[in-house]
Amino acid sequence: MTRYNRFNNLTGWIVFAIAFLTYAITVERTASFWDCGEFIACAFKLQVPHPPGAPFFLLIGRLFSLLALGDVTQVAYWVNMVSVLSSAFTILFLFWTISLLGLKLLRKKEADLTMADTILLLGAGVVGALAYTWSDSFWFSAVEAEVYGMSSFFTAIVIWAVFKWERIEDPAAENRWLIFIAYLVGLSIGVHLLNLVTIPGLALVYYYKKYRKITFFGGLMAFIAGGLILVIINSGIIPGLPSLAGWFEIKFVNILGLPFGSGTIFFIIAFLGALVYGIRYSQIKQNALLNTALLSLAFVLIGYSCYLLVLVRANYNPPINENNPDGTLSFVSYLKREQYGSRPLLYGPTFVSRPIKQNRGAPIYRKQGDKYAIIDYKPEYEYEPGTSMLLPRMYSTQSNHPQLYRQMQGLAEGQKPSMADNIGFMLKYQIGHMYWRYFMWNFVGRESDEEGAGNLLPLDAAKDFPYAISHNKAHDNFFMLPFLLGLLGIVIQYFRRRRDLLVLGLLFFLTGVALVVYLNSPPTEPRERDYIYVGSYYIFCIWIGFGVISIAEGIASFVKNATARAGLATALGLIVPAIMGFKGWDNHDRSNRYHSVDFAKNLLSSCAPNAILFTGGDNDTFPLWYVQETEGFRTDVRVCNLSLLGTDWYIDQMKRQTYESEPLPISLEHDNYMFGKNDIVPFYEIPGVKGGINLKEYMGLVKSENKAIQVPLTSGDMTSILPSSVLFLPVDVANVNKLGILKPDMVPFLRDSISWTIGKNDLYKSDLIMLDIIATNNWQRPIYFSSTLAGSNYLNLKEYMQVEGYAYRLLPVFVPNATDGYVNSDIMYNNLMTKMAWRELNNPNTYYDNTFLGSPVFTARIAFLRLVGQLIAENKMDKAKLALNKILYVMPDESIPYDQITSNYIRPLFQLGEDKKALEIADTMASRADENLDFAKENGTSNQRDANIDLYILQTIVNSLRESGKEEAAKKYDAIFQKHIAGYNVGQ
């Protein structure tokens, strides 16, 4: 080993240690929001997460969870450490990749390197690797239990291995490296598919090494060949082989009458036999290329075989078993992510296209008896002529998206988008807003962590930002230094190693813009998606490393001593990652953040024992799954996710016992809700039941498929309908009184039936199952609706709901004018004041991003606001003061900035004699609203929604002060309100 190699290895491990310490110090100690809670729960008990799953990640996560040594509260931390370790290894291989490619830039062999060359190469590697270590998007994924840290590791080691292979002269040794690379690719499939997009670019490395005469056409063919390998793996192997096994399975069972699984077993034996024969044949014929190709395929399959975990665990039917992929056919659907639908890529409809014909596509099979029966066909639509186009970018089936497309492209109602509009949307929004903006966050500067936040340029350092931006922890200005250093790296590689620049350029393109085109983003996303494109940021950090070599070249005429020049260039280069690390630390340090889990526990604590809790999206449900599955908290409550309740496999799971929770009271049988059955129950009013229909009787008619409530579809099949906009449910008053579920002062409101207008909209399957649960339950189990649900999910039943914390409880009493439920102050006070957790929320050094400042904080502040209002109405002033001071203490402005809900605290503060505190909050919030509105006007960044919030705050403050007799203060803030109100069209 040469002296350079020793230094290279040692420095690489030092950089690894820096990255590991960075991530280990800042890692989240518990489950983060979004998918992390689900992944931790699934890793801990080896369950089945949302498709297409991440089985290799789960297996490694399971091993790490054992390090908790039985302390279930530490499981999340140890699964998070999988990302910490994976990300640190990513930095290690990035360093070695930069030094490997840097050798080519110096045009020297290792044995010929001087000390100056060694310092320069190692400096380039350190600068580039640390820049990626502290880059915004990669750091975000490195400290939570998501798949992107491990996915980046596989991308890093594959790129490093390919360039390492390029230097090997011995044919036998280099073939072993190719097989090793294939195995890594196979394993990466069990984490995330992002690693596969690097294959076409890396194919050029193979071409440049294996072919002496390099031509443009040859390079193009190599790139196409790499793309073909990508297609073979992505479409031919991942879903293709299971699909072929499924074809054999259907034939063997349905035609030959053999038992389930026989066709799959035959296919596996036949395929593996053919592969073994092919490998043996290539050895006999001494065909090295064929042998290497077949062995590579075999090792891809060995890595891919980790997906057997999904099949095995699904057959054990664990509590989390999304899509229930327990057989070959359901496994194929799981791999293809069919539950999410698809978007056109190369040619297809736009948002104005209307289907004019529905054709039957591929059949959908389900087990029935001892055969596979066709239960439905995948729909294939034909659209109006002239409304489809090449590379369709503006297509969505979501109801609110057409209006957004029109707003973004300035289209009038009814106007069809042109190809120019289509391409304009792609360039401006998909590439500009959903990629380039993220790229600038990482290497130029980020304005804040607000949704849709822009970038910071060097000149913005002198700009007078309002408090909301200037005090945002994600307000990071890198003064374009990382970006400029990366450009210098591109320049020197262009002049010295254009082939390598082409390879890196293609990798940068494939993991960035090409991915943007492939994903075809809709006009709005539930959260920022910058973590998807970390592969392109990885490549750019290689160029940042090369920027050090470029600096050394640039100062050669000023600094003659080569060693001093290399040291100075490295020192100057290190300024870049140092700024990134210093600026980014506070908005990536999650070490004291616990409220994602506390929020879930608080929601469960709002429920009575043995409750049924309806929830909505990922951040409502995944943390709940985590605390129940991992920490064993409140497993008596059955969490019922409405996003999944429209699927037959999930309804089947709800009908089984889970831990202490009994099966849900669902009367409908599987045939009533199987795939394709009652997906949508159309409203079709029948005159005879216009005045209302008995819910229990209605569910009985649906169950029996009674013709009285059915209409024919265009396909000829019959479907159940909703025959009335009014439903009523008989109530056994004596039984309800015996259960003791009503507060004494609510008993007079108890009637022998409840009646409500559900509306004239169609019902979805999830709505139908909810109604079935309500009807069948007969008030035996508490039924709760999370307060975070969308308004339509409450089925217009809020007037029959009691607020007990973070959830509404359905009860058979109607309280007049309680359109948003009625507050049970005794239960709610006990829940909020004694049962709920608020760890580190009042720590100003803890970082809370926009996810926390949204639903979790809103839910808490609204809950306390409603409780305080009810306590004041009941003249329980001491309790009201304690409750109001509690929320202001656990969520102070220093850590959780005041929001529009807080402005509503001013009135009750005056009512409770807290005048000083009320005036302080009013002054703080009014000043900030004034700043925000002034800044928006001066900089042309006015956002109607943000402006409406600030105007609402000002108006609420003024009204509160006037109602509290503080006229002088009211006039002061009313002047600010009047100053701004004229400039905005409030309400839009």
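Here the structure is shown first, and the text comes after it.
The model shown is predicted, which means the values in this text are computed figures rather than measured ones.

Participant: Break down the overall build of the protein chain for me, citing the residues and quoting the values.
Facilitator: Secondary structure summary: the protein chain contains 38 helices and 19 strands in total. Computed over C-alpha atoms, the radius of gyration of the protein chain comes to 31 Å, within 12% of the 30 Å expected from 2.2 N^0.38 for 988 residues, which places it in the range of a compact globule. In terms of its C-alpha atoms, the protein chain occupies a principal-axis envelope of roughly 95 × 85 × 60 Å. Every one of the 988 residues in the protein chain was classed for burial, and the buried ones make up 56%. In the protein chain, the proportion of contacts linking residues at least 24 apart, taken out of those at least 6 apart, comes to 73%. Carbon and sulfur atoms provide 59% of the accessible area of the protein chain, an area that totals close to 41,300 Å². Averaging the locations of the 86 positively and 87 negatively charged side chains of the protein chain gives two centres separated by 7 Å.

Participant: Explain the packing of aromatic side chains to me, using residue names and the numbers behind them.
Facilitator: For the coordinates displayed, the defined rule picks out 69 aromatic pairs. With centroids separated by 5.2 Å and ring planes inclined at 75 degrees, the aromatic side chains of Tyr 77 and Trp 78 adopt a geometry described as edge-to-face. Judged by its relative accessible area of 17%, Tyr 77 is buried. Given the relative accessible area of 25%, Trp 78 is considered partly exposed. Between Trp 838 and Phe 864, the ring centres sit 5.8 Å apart and the planes meet at 55 degrees, which makes this aromatic pair tilted. Note that Trp 838 is positioned in the loop between α31 (825–835) and α32 (850–853) and Phe 864 in helix α33 (residues 855–873), a separation of 26 residues in sequence. You can call Trp 838 buried: its relative accessible area is 10%. Taking the relative accessible area as the measure of exposure, Phe 864 reaches 0% and is therefore buried.

Participant: Tell me about the sheet that holds strand β10 (residues 693–694), and please be specific about residues and values.
Facilitator: Judged by pairing direction, the sheet is mixed, and its three strands sit side by side in the order β10-β13-β14 without closing on themselves. Here the strands that pair on one side only, and so sit at the sheet edges, are β10 and β14 (753–757). The pairing of strand β13 (residues 726–730) with β14 spans five bridges and is antiparallel. Looking across to β14, one finds that Phe 728 is bridged to Ser 755.

Participant: I'd love a proper account of the side chain of Thr 328, names of residues and values included.
Facilitator: Looking at the element boundaries, Thr 328 is found in helix α15 (residues 328–335). Reaching out from Thr 328, the side chain makes a polar contact with the side chain of Thr 264 at a distance of 2.7 Å. Beyond its immediate sequence surroundings of up to four residues, Thr 328 is in contact with Pro 242, Ala 245, Gly 246 and Thr 264.

Participant: Kindly report on the sheet that holds strand β7 (residues 612–615), identifying the contributing residues and their values.
Facilitator: As a general point, the strands of a sheet are linked pairwise by backbone hydrogen bonds and lie either parallel or antiparallel. Here we have six strands laid out as an open sheet, ordered β8-β7-β16-β18-β17-β19, and mixed in their pairing. Both edges of this open sheet fall to β8 (638–641) and β19 (822–823), since each of them pairs with a single strand only. Of the pairings in the sheet, the one linking strand β17 (residues 801–803) to strand β18 (residues 807–810) comprises three bridges and is antiparallel in character. Note on β18: the bridge partner recorded for Gln 802 is Arg 809. Sitting on the sheet, helix α25 (residues 618–629) touches β7 and β8, and the angle it makes with β8 is about 155 degrees.

Participant: Go over the packing of helix α11 (residues 240–255) against helix α12 (residues 262–284) with me, naming the residues and quoting the values.
Facilitator: To characterise two packed helices, one gives the angle between the axes of the helices and the distance between these axes. The contact between α11 and α12 brings their axes to 7 Å, and the two run at 130 degrees. Taken together, α11 and α12 sit at an angle that is classed as oblique. The handedness of the crossing between α11 and α12 comes out as right-handed. Every residue of α12 that contacts α11 at Leu 241, Leu 244, Ala 245, Phe 248, Glu 249, Phe 252 and Val 253 is listed here: Ser 262, Gly 263, Thr 264, Phe 266, Phe 267 and Phe 271.

Participant: Explain helix α20 (residues 498–510) residue by residue, including any values.
Facilitator: When the terminal C-alpha atoms of α20 are compared, their 18 Å separation across 13 residues agrees well with the 18 Å that a helix rising 1.5 Å per residue should span. Buried within α20 are the following residues: Asp 500, Leu 501, Val 503, Leu 504, Leu 506, Leu 507, Phe 508 and Leu 510.

Participant: Could you give me a rundown of the side chain of Asp 117, with the residues and numbers involved?
Facilitator: Mapped onto the fold, Asp 117 is located in helix α5 (residues 115–133). Side-chain polar atoms of Asp 117 contact the side chain of Thr 114, separated by 3.1 Å. Contacts of Asp 117, omitting those with residues within four sequence positions, involve Leu 106, Lys 108 and Asp 112.

Participant: Could you give an account of the environment of Ile 551, with specific residues and numbers?
Facilitator: Position of Ile 551 relative to the elements: it lies in helix α22 (residues 534–554). When residues no more than four places from it in sequence are discounted, the contact partners of Ile 551 are Leu 485, Leu 488, Ala 569 and Leu 572.

Participant: Describe the nonpolar core, naming the residues involved and giving the relevant values.
Facilitator: One broad rule of soluble globular proteins: the nonpolar side chains tend to lie buried together. With 298 residues, the main nonpolar core has Phe 614, Leu 645, Tyr 698 and Phe 785 as its most contacted residues. Per-element tally for this core: the top contributor is helix α4 (residues 75–106), with 20 residues. When neighbours within four sequence positions are excluded, Phe 614 is seen to be in contact with Cys 640, Leu 642, Leu 645, Met 770, Ile 773, Ile 783, Tyr 784, Phe 785, Ser 786 and Leu 789.

Participant: Any details on the pattern of salt bridges? Residues and values, ideally.
Facilitator: Under the counting rule described, the total for this entry stands at 40 salt bridges. In this structure, Lys 210 engages Glu 174 in a salt bridge whose closest nitrogen and oxygen atoms are separated by 2.2 Å. Taken together, the residues Lys 210 in helix α9 (residues 199–210) and Glu 174 in helix α8 (residues 171–189) connect sequence positions 36 residues apart. The salt bridge partner of Asp 636 is Arg 634, with a shortest N-O separation of 2.9 Å. On the basis of relative accessibility, which here comes to 15%, the residue Asp 636 falls in the buried class. Among the residues examined, Arg 634 registers a relative accessible area of 21% and is labelled partly exposed. One continuous salt-bridge network, built from bridges that share partners, spans Glu 28, Glu 144, Arg 590, Arg 593 and Asp 849.

Participant: Account for a nonpolar patch on the surface, with residues named and values stated.
Facilitator: A cluster of nonpolar side chains, contributed by Phe 479, Leu 481, Leu 484, Leu 487, Leu 568, Leu 572 and Ile 575, occupies part of the molecular surface with about 520 Å² of accessible area. Every element with two or more residues in the nonpolar patch is listed here: α19 (481–496) and α23 (562–584). Positionally, Leu 484 belongs in helix α19.

Participant: Describe in detail unusual backbone geometry, supporting the description with residues and values.
Facilitator: Excluding glycine, residues mostly have negative phi values, and the peptide bonds linking residues are mostly trans. The linkage connecting Pro 51 with the following residue, Pro 52, adopts the cis geometry, with an omega of 5 degrees. Relative to the assigned elements, Pro 52 resides in the loop between α2 (36–45) and α3 (55–65). Despite not being glycine, Asn 875 shows a phi value in the positive range, around 60 degrees. Here Asn 875 is to be found in the loop between α33 and α34 (877–890).

Participant: Break down the pairing of β8 for me, citing the residues and quoting the values.
Facilitator: Burial along β8 is two-sided: the residues Arg 638 and Cys 640 and Val 639 and Asn 641 are all buried. Pairing of β7 with β8, which is carried by four bridges, proceeds in the parallel orientation. Residue pairing across strands places Thr 615 opposite Asn 641, the latter belonging to β8. Taken together, β7, α25 and β8 constitute a β-α-β crossover, and its handedness is right-handed.

Participant: Explain α33 to me, using residue names and the numbers behind them.
Facilitator: Here α33 contains 19 residues, and its C-alpha end-to-end distance of 27 Å stays within 8% of the 27 Å for a straight helix at 1.5 Å per residue. Listed in full, the buried residues belonging to α33 are Pro 856, Val 857, Thr 859, Ala 860, Arg 861, Ala 863, Phe 864, Leu 867, Val 868, Leu 871 and Ile 872. Considering only its buried residues, α33 is in contact with α24 (595–605), β19, α31, α32, α34 and α35 (906–911).

Participant: Please set out the pairing of β18 residue by residue, giving values where relevant.
Facilitator: Regular strands have side chains that alternate between both faces of the sheet. Here β18 shows a buried face lined by Ala 807 and Arg 809 and a second buried face lined by Tyr 808 and Leu 810. Note: strand β16 (residues 783–786) against β18, three bridges, orientation antiparallel. Residue Tyr 784 lies in a different strand from β18, and its bridge partner there is Arg 809. Turn length for the β17-β18 hairpin, with the two strands adjacent in sequence and antiparallel, is three residues, and the turn residue Gly 805 shows positive phi of about 150 degrees.

Participant: Please set out the packing of helix α7 (residues 148–166) against α8 residue by residue, giving values where relevant.
Facilitator: Here α7 crosses α8 at 170 degrees, and the two axes come no closer than 10 Å. On the basis of the axis angle, α7 is roughly antiparallel to α8. Note on packing geometry: the crossing formed by α7 with α8 is left-handed. Contacts between α7 and α8 pair Phe 154, Ile 157, Val 158, Trp 160, Ala 161, Val 162, Lys 164 and Trp 165 from the former with Glu 174, Trp 177, Leu 178, Phe 180, Ile 181, Leu 184, Val 185, Leu 187 and Ser 188 from the latter. Residue classes in the contact of α7 with α8 are distributed as 14 nonpolar, one polar and two charged.

Participant: I'd like to hear about the environment of Ala 569, residue by residue, with values.
Facilitator: Relative to the assigned elements, Ala 569 resides in helix α23. Considering only alpha carbons, one finds Ala 569 and Leu 120, 449 residues apart in sequence, at a separation of 7.6 Å. Ignoring sequence-local partners within four residues, the contact set of Ala 569 consists of Leu 120, Val 548, Ile 551, Ala 552 and Ile 555.

Rules used throughout
- Each chain carries its own residue numbering, running from 1 in the written order of its sequence.
- Reporting in this predicted model follows two pLDDT cut-offs: at least 70 for local features of residues, and 80 or more for side-chain atom pairs to be given and counted; totals over whole chains, interfaces and linings ignore these cut-offs and use all residues.
- The basis for the side-chain values is all heavy atoms of the structure; hydrogens and waters are excluded.
- Runs of E in the DSSP output that reach at least two residues are strands. Runs of H or I that reach at least four are helices, and both are numbered from the N terminus.
- Atoms counted for the radius of gyration: C-alpha only. Globule rule: 2.2 Å times the number of residues to the power 0.38.
- Exposed residues in this analysis have more than 50% of their type's maximum accessible area, buried residues have under 20%, and partly exposed residues fall in between, with area computed by a 1.4 Å probe over protein chains only.
- Contact criterion: two residues are considered in contact whenever any of their non-hydrogen atoms come within 4.5 Å of each other.
- For every accessible area listed, the method is Shrake-Rupley and the probe measures 1.4 Å; residues are considered covered only by the protein chains on display.
- The convention is simple: Lys and Arg are positive, Asp and Glu are negative, and His and the chain ends are not counted.
- The location of each charge is read from NZ of Lys, CZ of Arg, CG of Asp or CD of Glu.
- Any two rings among Phe, Tyr and Trp, with Trp reduced to its six-membered ring, count as a pair given centres within 6.5 Å; such a pair is stacked if its planes are under 30 degrees apart, edge-to-face if over 60, and tilted if neither.
- Only when DSSP finds a minimum of two bridges between them are two strands counted as paired.
- Between N or O atoms, a polar contact is any pair within 3.5 Å; within protein, one atom must be a potential hydrogen donor and the other a potential acceptor, and residues adjacent in sequence are included only when both atoms are from side chains.
- Lines are fitted to the C-alpha atoms to define the axes, a helix being fitted only along its stretch in contact, and any angle between axes, read from their N-to-C directions, falls within 0 to 180 degrees.
- Angle categories are assigned with fixed cut-offs, so that under 35 degrees is roughly parallel, over 145 is roughly antiparallel, 65 to 115 is roughly perpendicular, and the rest are oblique.
- The crossing is said to be left-handed when, going from far helix to near helix, the turn is anticlockwise and less than a right angle, and right-handed when the turn is clockwise.
- Multiply 1.5 Å by the residue count of a helix minus one, and that product is the helix's expected span.
- We define the nonpolar core as a collection of buried residues of types Ala, Val, Leu, Ile, Met, Phe, Trp, Tyr and Cys that are connected through side-chain atoms lying within 4.5 Å of one another.
- What counts as a salt bridge is simple: a side-chain nitrogen of Lys or Arg found within 4 Å of a carboxyl oxygen of Asp or Glu.
- A patch consists of residues exposed above 30% relative accessible area that lack any salt bridge, with like charges linked at up to 9 Å and nonpolar side chains (Val, Leu, Ile, Met, Phe, Trp, Tyr) linked at up to 5 Å.
- Seen with its strands pointing away from the viewer, a crossover is right-handed if its path from the first strand over the helix to the second goes clockwise.
- Residue polarity follows a fixed list, in which Ala, Val, Leu, Ile, Met, Phe, Trp, Tyr, Cys and Pro are nonpolar, Asp, Glu, Lys and Arg are charged, and the others, Gly among them, are polar.

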